[in-house]
Amino acid sequence: MTIQLPGPDGGLRAYEPRSEPLAVTPGTPFTSRTVFSAAHVVADPFADTSPDSPAAVDWDATLAFRRHLWSHGLGVAEAMDTAQRGMGLDWAGAAELIRRSAAEAKAVGGRIACGVGTDQITGPATLAEVRAAYEEQLALVEETGAQAILMASRALAAAASGPEDYLDVYGHLLRQATEPVVLHWLGPMFDPALEGYWGSSDLDAATDTFLEVIAAHPDKVDGIKVSLLEAGREIDIRRRLPQGVRCYTGDDFNYPELIAGDEQGFSHALLGIFDPLGPLAAEAVRALDTGDRNGFRALLDPTVELSRHLFQTPTRFYKTGVVFLAWLAGHQSHFTMVGGLQSARSLPHFARAYELADGLGLFPDPKLAEERMKTLLALYGVNQ
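Residues numbered from 1 in each chain as written. Predicted model: local features only at pLDDT ≥ 70, side-chain atom pairs only at ≥ 80, totals over all residues. Heavy atoms only, no water.

**Focus on the packing of aromatic side chains**
The condition is simple: Stacked, tilted and edge-to-face are the three classes applied to pairs of Phe, Tyr and Trp rings, where Trp contributes its six-membered ring and a pair requires centres within 6.5 Å; stacked means planes under 30 degrees apart, edge-to-face means over 60, and tilted covers the rest. Counting from the N terminus, the helices are DSSP H or I runs at least four residues long and the strands are E runs at least two residues long. Exposure categories follow from relative accessible area, calculated using a 1.4 Å probe and restricted to protein chains: below 20% of the type maximum is buried, above 50% is exposed, and the middle band is partly exposed. Lysine NZ or arginine CZ positioned within 6 Å of the ring centre and within 35 degrees of the ring normal marks a charge as sitting over the ring.
All told, the structure shown has 20 aromatic pairs when counted by the stated rule. On the numbers, 6.2 Å between centres and 70 degrees between planes, the contact of Phe190 with Phe311 is edge-to-face. Remark: Phe311 occurs in the loop between helix 11 (304–310) and helix 12 (318–328) and Phe190 occurs in the loop between strand 7 (181–186) and helix 6 (203–216); sequence separation between them is 121 residues. When sorted by exposure, Phe190 lands in the same class as Phe311, which is buried. Arranged with centres 5.9 Å apart and planes meeting at 85 degrees, the rings of Tyr255 and Phe274 form a pair that is edge-to-face. Taken together, the positions of Tyr255 in helix 8 (residues 255–260) and Phe274 in helix 9 (residues 274–289) put the pair 19 residues apart, joining distant regions of the chain. The exposure class assigned to Tyr255 is buried, which follows from its relative accessible area of 0%. A network of ring pairs unites the aromatic residues Tyr134, Tyr166, Tyr170, Trp185, Tyr197, Trp198 and Phe210 as a single cluster. Directly above the ring of Phe266 sits Arg33, whose terminal nitrogen or CZ lies 3.5 Å from the centroid.

Shown next, in the form of structure tokens:
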């Protein structure tokens with residue numbers, strides 16, 4: 001049986017779906033790498049909301065997806081940009097998400113780290129106000145027992161006049177943190193408002209400031225997450241980190257080679273693409289746990305085409321593809337997103353995402369995925 005899929009040229013082409021999923025089984029956490037999946041939120045499709053309304057979240061489905069990730073040994077990176085933080089999910093919603101997910105992690109023994117930002121600020125702010133916003137969120141995350149991820153701040157990018165302001169704000173926060181945190185450098189391809197972060201649009205200068213923050217407080221930095229989509233720069237930063245500070249790759253284009261590493265080291269992982277790839281990614285890392293680098297690459301390399309497709313420009317809309325695949329995989333009953341973000345990608349984009357994910361065997365029930373894809377196509381006027 002075939003399904004007619006639209007292509008970028010406006011025509012239809014026949015695709016024969018896979019009949020069986022990839023065989024993967026749940027398992028325990030990994031021994032060779034620390035791996036987090038940034039996780040999406042599931043919207044409540046029956047809420048009477050508008051794109052400007054506070055997010056209406058289906059908490060049961062949202063937490064069930066986190067249990068799915070934990071069951072495969074993955075950690076959950078909560079309330080990050082994959083959860084539409086700053087793109088539909090405001091601070092009030094993020095705070096509730098952090099509380100609920102941290103409690104669920106305790107209940108099931110899952111590892112969790114949560115994003116700390118300044119998104120309660122909605123307009124111009126002083127550096128003191130930025131620092132206070134960070135402090136409020138850091139306190140909440142620490143109260144839940146979750147690890148803190150200090151996220152890049154739009155408000156800080158707007159308020160800072162140079163590198164010294166970043167050194168001051170981050171230095172203050174790191175001195176205040178009770179446990180080592182993860183520092184997150186999110187590039188402007190993910191959020192244009194973060195252009196010039198660390199005080200310069202020159203990435204070499206920005207890198208020096210970033211590393212200066214870490215060098216001044218190595219005991220308070222568990223690791224860094226780098227999301228610049230430049231493998232060479234991540235490797236350079238990784239090699240310059242103080243002893244004991246980890247690099248968590250956030251590079252959704254080059255993650256297999258960065259996690260596999262080289263003779264001088266490797267990256268751990270904190271990736272949005274591991275939301276749809278969770279079970280397959282877990283299978284690959286378990287191969288690495290046994291020292292089977294070739295087996296790891298054989299499983300993970302073929303996923304890069306799908307990841308690059310989902311994260312194509314405008315990169316910040318990758319969340320739409322992530323939620324779309326969760327719907328096709330049966331992790332949620334609908335394809336609705338907070339803020340109406342399901343409209344952010346085109347039908348040809350969805351069709352290619354379905355084809356690539358199906359080819360990898362990502363759908364536990366390929367027939368269900370096919371039927372849901374046909375439903376979406378019918379809504380767009382494509383008859384099978």
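Here the narrative resumes.
**Considerations on the packing of helix 12 against helix 13 (residues 347–360)**
Here is the rule we go by: To obtain each axis, a line is fitted to C-alpha atoms, and for helices this fit is confined to the stretch in contact; angles are then taken between N-to-C directions over 0 to 180 degrees. These descriptions rest on fixed angle ranges, namely under 35 degrees for roughly parallel, over 145 for roughly antiparallel, 65 to 115 for roughly perpendicular, and the rest for oblique. The handedness criterion is simple: a crossing whose near helix is rotated anticlockwise from the far helix by less than a right angle is left-handed, and one whose near helix is rotated clockwise is right-handed. Residues are treated as being in contact if the distance between any of their heavy atoms lies within 4.5 Å. In this classification, Asp, Glu, Lys and Arg are treated as charged, Ala, Val, Leu, Ile, Met, Phe, Trp, Tyr, Cys and Pro as nonpolar, and every other residue, Gly included, as polar.
The contact between helix 12 and helix 13 brings their axes to 10 Å, and the two run at 55 degrees. As far as their axial angle goes, helix 13 and helix 12 are oblique. The element helix 12 and its partner helix 13 pack so that their crossing is right-handed. Mapping the contact onto sequence places Thr320, Phe324, Leu325 and Leu328 in helix 12 and Phe350, Ala353, Tyr354 and Ala357 in helix 13. Partitioned by chemical class, the residues of the contact of helix 12 with helix 13 number seven nonpolar, one polar and no charged.

**Quick notes on the side chain of Arg345**
Short version of the rule: His is not counted, nor are the chain ends, whereas Lys and Arg count as positive and Asp and Glu as negative. Throughout this description, the term salt bridge denotes a Lys or Arg side-chain nitrogen within 4 Å of a carboxyl oxygen of Asp or Glu. Whenever two N or O atoms come within 3.5 Å, that pair is a polar contact, provided that in protein one can donate a hydrogen and the other can accept it, and provided that, for residues adjacent in sequence, both atoms are side-chain atoms.
In this fold, Arg345 is placed in the loop between helix 12 and helix 13. Within the buried set, Arg345 has no salt-bridge partner at all; the shortest N-O distance to an opposite charge, 11 Å, is to Asp252. Among the polar contacts made by the side chain of Arg345, one reaches the main-chain carbonyl oxygen of Pro314 at a distance of 3.4 Å. Discounting chain neighbours no more than four positions away, the residues touching Arg345 are Leu310, Phe311, Gln312, Thr313, Pro314, Phe317, Tyr318, Thr320 and Phe350.

**Overview of the environment of Pro276**
When you line up the elements, Pro276 lands in helix 9. With a relative accessible area of 15%, Pro276 lands in the buried category. It is 37 Å that separates the C-alpha atoms of Pro276 and Glu129, two residues lying 147 residues apart in sequence. Excluding residues that lie within four positions of it along the chain, Pro276 makes contacts with Leu310, Val322, Leu325 and Leu362.

**Some thoughts on the side chain of Arg33**
Take Arg33: it is sitting in the loop between strand 2 (12–15) and strand 3 (35–38). Summary of buried charges: Arg33 has no salt-bridge partner, and the nearest side chain of opposite charge, Asp289, is 6.4 Å away. One polar contact links the side chain of Arg33 to the main-chain carbonyl oxygen of Ile259, over a distance of 2.9 Å. Within the structure, Arg33 has its side chain in polar contact with the backbone oxygen of Ala260 (distance 3.3 Å). Excluding residues within four positions of it along the chain, Arg33 makes contact with Ile259, Ala260, Phe266, Ser267, His268, Val285, Leu288 and Asp289.

**A look at unusual backbone geometry**
Cis geometry is adopted by the peptide bond preceding Pro314, which originates at Thr313 and carries an omega value of -5 degrees. Assignment of secondary structure puts Pro314 in the loop between helix 11 and helix 12. Positioned with a positive phi, Gln84 is a non-glycine residue whose angle comes to about 65 degrees. Along the chain, Gln84 turns up in the loop between strand 4 (75–78) and helix 2 (91–108). For Gln84, a relative accessible area of 1% puts it in the buried group. Unusually for a residue other than glycine, Leu229 sits at a positive phi of about 60 degrees. Note on placement: Leu229 falls in the loop between strand 8 (221–227) and helix 7 (231–239).

Remember, this is a structural readout, not a statement about activity or role.
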